[in-house]
Amino acid sequence: MSDAPTPHSVFRPDFLAGKVALVTGGGTGICRGITEGLMRHGCRAVITSRKADVLAKSAAELEAATGQRCLGIPADVRKPDEVEAAFDRTLAEFGRVDIVINGAAGNFLAPAASLSYNAFRTVMEIDAIGTFNVSKAAFSKYFREHGGNIVNISATLHYRGTPLQTHPGSAKAAVDAMTRHLAVEWGGAGIRVNCIAPGPIDDTEGMKRLAPGDTKRKFEQQIPLGRFGRISEIADATLFLVSDAATYITGTVLVVDGGAWMTMGGFVPWE
Ligand code: COA
């Protein structure tokens, strides 16, 4: 991550010392940046995705950049047995898990009319069911007894029915709802469940797919803050939600988008 939060971080550099985070989708993009932000504040981390080679490279780079330990564990969030095994390994390795970031997601542009049944199901399974699988495993393996913090990564696509995004928008709406349900059910166990809804963020696979080439400038002109966001700005919002500055916050969806969802047109490449 080129725009790491440390040099200008408003957070104490060791405020997560001794803590352990498990970040799904942590090998790339926004969730790799979140992992780096957590590690730069003293946290050890586990990153998961389907791609062992990507995880191994990212874990090594994150360790070198932050001086904290990072373990890559291949696991598909759609497969509860793989998710549970990832928590077992995390607990065997680090003895605890304090923070879970549900970031694994899939997306591509496609009109609903030409979306195959399997394509819709695939994105629902990764984003929505994957978030449930990981949250439930976190709860039953550790959080029920020890409390913890869950941060789900959502989106703003479903606020206005973004074209070509029926599949992720529907899945992220489920993630927003799940955030509130789990916050209500698990608050008594000392578990906070919150959600971040990023807007358009630079240097991400999602934006390369959704706003290629010249379309980026067109979109930026529509955003109240006049630019795409930085990965480090999503990391900073995550740090806030898991910090002691947010101990009375649960079940909330924090939109981090420069105001984009209120003014920005949909991703319609032929416009
Ligand atoms: N347009 C339309 N349909 C598409 C598609 C596209 N660009 N890409 C995949 N699909 C369809 C496939 O055709 C398949 O449906 P089918 O069996 O009816 O043909 C279905 O989606 C599943 O695709 P598959 O590649 O088998 O699934 P996967 O689990 O390996 O991949 C995806 C999941 C589809 C989300 C894949 O794009 C992915 O893994 N992306 C990487 C992560 C990512 O998207 N990051 C951005 C997050 S914002």
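Look up: the structure comes first, before these words.
Residues numbered from 1 in each chain as written. Predicted model: local features only at pLDDT ≥ 70, side-chain atom pairs only at ≥ 80, totals over all residues. Heavy atoms only, no water.

Peer 1: Please provide a residue-by-residue account of the overall build of the protein, values included.
Peer 2: Across its full length, the protein holds 9 helices and 7 strands. For a compact globule of 271 residues, the expected C-alpha radius of gyration is about 18 Å, and the protein comes in at 18 Å, within 12% of that figure. With the C-alpha coordinates of the protein rotated into their principal frame, the extents come out at 50 × 40 × 40 Å. Relative to its 271 residues, the protein shows a buried fraction of 52%. (Helix = DSSP H or I, 4+ residues; strand = E, 2+ residues; numbered from the N terminus. Rg over C-alpha atoms; globule rule 2.2 N^0.38 Å. Buried < 20%, exposed > 50% of the residue type's maximum accessible area, 1.4 Å probe, protein only.)

Peer 1: Give me the lowdown on the sheet that holds strand β1 (residues 20–24), citing residues and values where you can.
Peer 2: Hydrogen bonds between backbone atoms are what pair the strands of a sheet, whose relative direction is either parallel or antiparallel. As summarised here, the arrangement of the 7 strands in space is β3-β2-β1-β4-β5-β6-β7, forming an open sheet in which the pairing is parallel. Every interior strand has two partners, whereas the edge strands, β3 (70–74) and β7 (253–256), have only one. In this sheet, adjacent strand axes meet at a mean angle of 20 degrees when their direction is disregarded. In terms of strand pairing, strand β2 (residues 44–49) meets β3 through 5 bridges, oriented parallel. (Pairing = 2+ DSSP bridges. Axes fitted to C-alpha atoms, helices over the stretch in contact; angles between N-to-C directions.)

Peer 1: Pulling in residues and values, what's your account of the state of the cysteines?
Peer 2: Enumeration over the complete set of coordinates arrives at 0 disulfides. Counting only cysteine sulfurs, C70 is the nearest neighbor of C43, a cysteine outside any disulfide, at a range of 10.0 Å. Take C195: it sits in no disulfide, and the sulfur closest to it among the cysteines is that of C31, at 11 Å. (Disulfide = S-S within 2.5 Å.)

Peer 1: Could you give an account of the site of the ligand, naming the residues involved and the relevant values?
Peer 2: Lining the immediate surroundings of the ligand are 13 residues, of which R50, R78, N107, S116 and N118 lie closest. For the ligand, an oxygen atom lies 2.9 Å from a polar atom in the side chain of R78. Between the ligand and N107 there is a distance of 2.9 Å, counted from an oxygen atom to a backbone nitrogen or oxygen. Contact with the protein chains removes 55% of the 910 Å² of surface that the ligand exposes when unbound. (Near = heavy atom within 4 Å. Polar contact = N/O pair within 3.5 Å; in protein donor to acceptor, adjacent residues only side chain to side chain. Areas by Shrake-Rupley, 256 points an atom, 1.4 Å probe, with all protein chains shown as cover.)

Peer 1: Account for the environment of R12, naming residues and giving values.
Peer 2: Considering the arrangement of structural elements, one finds R12 in the segment before β1. Once the C-alpha coordinates of R12 and R40 are considered, the two residues, 28 residues apart in sequence, prove to be 9.9 Å apart.

Peer 1: Any chance you could break down the pattern of salt bridges for me, citing the residues and the numbers?
Peer 2: Applying the stated rule across the entire model yields 14 salt bridges. For D127, the salt bridge identified is with K172, shortest N-O distance 3.7 Å. Placement of the pair is D127 in helix α4 (residues 117–146) and K172 in helix α5 (residues 166–186), with a sequence separation of 45 residues. Here D127 and K172 have matching classes, each one buried. Here the salt bridges share partners, and the residues they tie into one network are R32, K57 and E61. (Salt bridge = Lys/Arg side-chain N within 4 Å of Asp/Glu carboxyl O.)

Peer 1: Before we move on, can you summarise helix α8 (residues 231–242) with the specific residues and values?
Peer 2: Taking 1.5 Å of rise per residue, 12 residues should cover 16 Å, and α8 covers 17 Å from first to last C-alpha, within 8% of that figure. For α8, the tally of buried residues reaches 10 of 12 residues, placing the bulk of the element in the interior. Three or more residues of α8 are buried, namely I231, S232, I234, A235, D236, A237, T238, L239, L241 and V242. (Expected span 1.5 Å × (residues − 1).)

Peer 1: Before we move on, could you go through the side chain of T131 and cite the residues and values that matter?
Peer 2: Here T131 lies in helix α4. You can call T131 buried: its relative accessible area is 4%. A distance of 2.6 Å separates the side chain of T131 from the backbone oxygen of D127, its partner in a polar contact. Every residue in contact with T131, bar those within four places of it in the chain, is listed here: N102, I126, N152, V175 and M178. (Contact = heavy atoms within 4.5 Å.)

Read these as layout, nothing more, since geometry by itself doesn't imply function.
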